Amino acid sequence: MKVCKLPAKSKERAYKSFTDKHNKLQAGKFALVPFNKRIVFAPHCMRNVAGCAAADKGGYYVCAECGGCKINAISKLVKQLNYKALYIAKGGRTIEKIVKEENPEAVVGIACFFEGDHAFKLLKDAHMSVQFTPLTKDGCTATDTDLAEVERVLKQTN
Ligand code: SF4
């Protein structure tokens, strides 16, 4: 069984500071990337596990837009904007694998600050711009994010 540990407050502040800095540094480059060359990662902990109808693809899920959680609205917006894809990732290794396979020019990651920090470091040599949107409620299940903020990040253009 996977054990989910939350970072101490001081560590979380360091992750937040790191992700804020890298969001600002990469925002301009990100805005230049066409929507169809961007992919989005949402965390599996946001799903409503009681009734989630997403298709399990091994390392990730594909949202079936059942309306059970906020990923429903994110999935619809991603399609409306013509993004390359939305993956509900089960972990960092999946993200690394998908990025290698899909070779996007930009990535949007919705995650806790710890995972956001990790993703920026993971993708730093991949020559793509990354924008991170934090969870407003983290943990291992029933996590949440600010949909308006996700929408703002997804719609960024130059
Ligand atoms: S909206 Fe998508 S991710 Fe959320 S519970 Fe339904 S199928 Fe699962």
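Remember, predicted model here, so these are calculated numbers, not experimental data.

## Here we look at the pairing of strand β6 (residues 129–137)
Within β6, 7 of the 9 residues are buried, which leaves it mostly tucked inside the rest of the structure. Two elements, strand β5 (residues 106–111) and β6, share 6 bridges in a ladder whose sense is parallel. By the bridge assignment for β6, Gly-109 is matched with Phe-132. This β-α-β element, β5 to helix α4 (residues 113–122) to β6, shows right-handed connectivity. Across 2 bridges, the pairing between β6 and strand β7 (residues 144–145) is antiparallel. By the bridge assignment for β7, Leu-135 is matched with Thr-145.

## Here we look at the packing of helix α3 (residues 92–102) against α4
Relative orientation of the contacting elements α3 and α4 amounts to 35 degrees, with a least axis distance of 11 Å. Note on packing geometry: the crossing formed by α3 with α4 is right-handed. Only His-118, Ala-119 and Leu-122 of α4 make contact with α3, whose side of the interface consists of Gly-92, Ile-95 and Glu-96. Taken together, the residues of the contact of α3 with α4 sort by class into 3 nonpolar, 2 polar and 1 charged.

## What to know about the nonpolar core
Core analysis: the biggest nonpolar cluster contains 38 residues, and Val-40, Phe-41, Ala-42, Leu-86, Ile-88 and Val-107 have the highest contact counts within it. With 5 residues, the single largest contributor to this core is β5. What Val-40 contacts, discounting residues up to four positions off in sequence, is Val-78, Tyr-83, Leu-86 and Val-108.

## Observations regarding α4
Within the sequence span of α4, burial applies to Phe-113, Glu-115, Gly-116, Asp-117, Ala-119 and Phe-120. Residues of α4 that are buried sit in contact with α1 (9–32), β1 (38–43), α3, β5 and β6.

Parameters at a glance
- Residues numbered from 1 in each chain as written.
- Predicted model: local features only at pLDDT ≥ 70, side-chain atom pairs only at ≥ 80, totals over all residues.
- Buried ≥ 20, exposed ≤ 12 C-beta atoms within 10 Å, placed from the backbone.
- Helix = DSSP H or I, 4+ residues; strand = E, 2+ residues; numbered from the N terminus.
- Pairing = 2+ DSSP bridges.
- Right-handed = clockwise from strand over helix to strand, strands pointing away.
- Axes fitted to C-alpha atoms, helices over the stretch in contact; angles between N-to-C directions.
- Left-handed = near helix turned anticlockwise from the far one by under 90°.
- Contact = placed C-beta atoms within 7 Å.
- Nonpolar A, V, L, I, M, F, W, Y, C, P; charged D, E, K, R; others polar.
- Core = buried A, V, L, I, M, F, W, Y, C linked by C-beta atoms within 7 Å.

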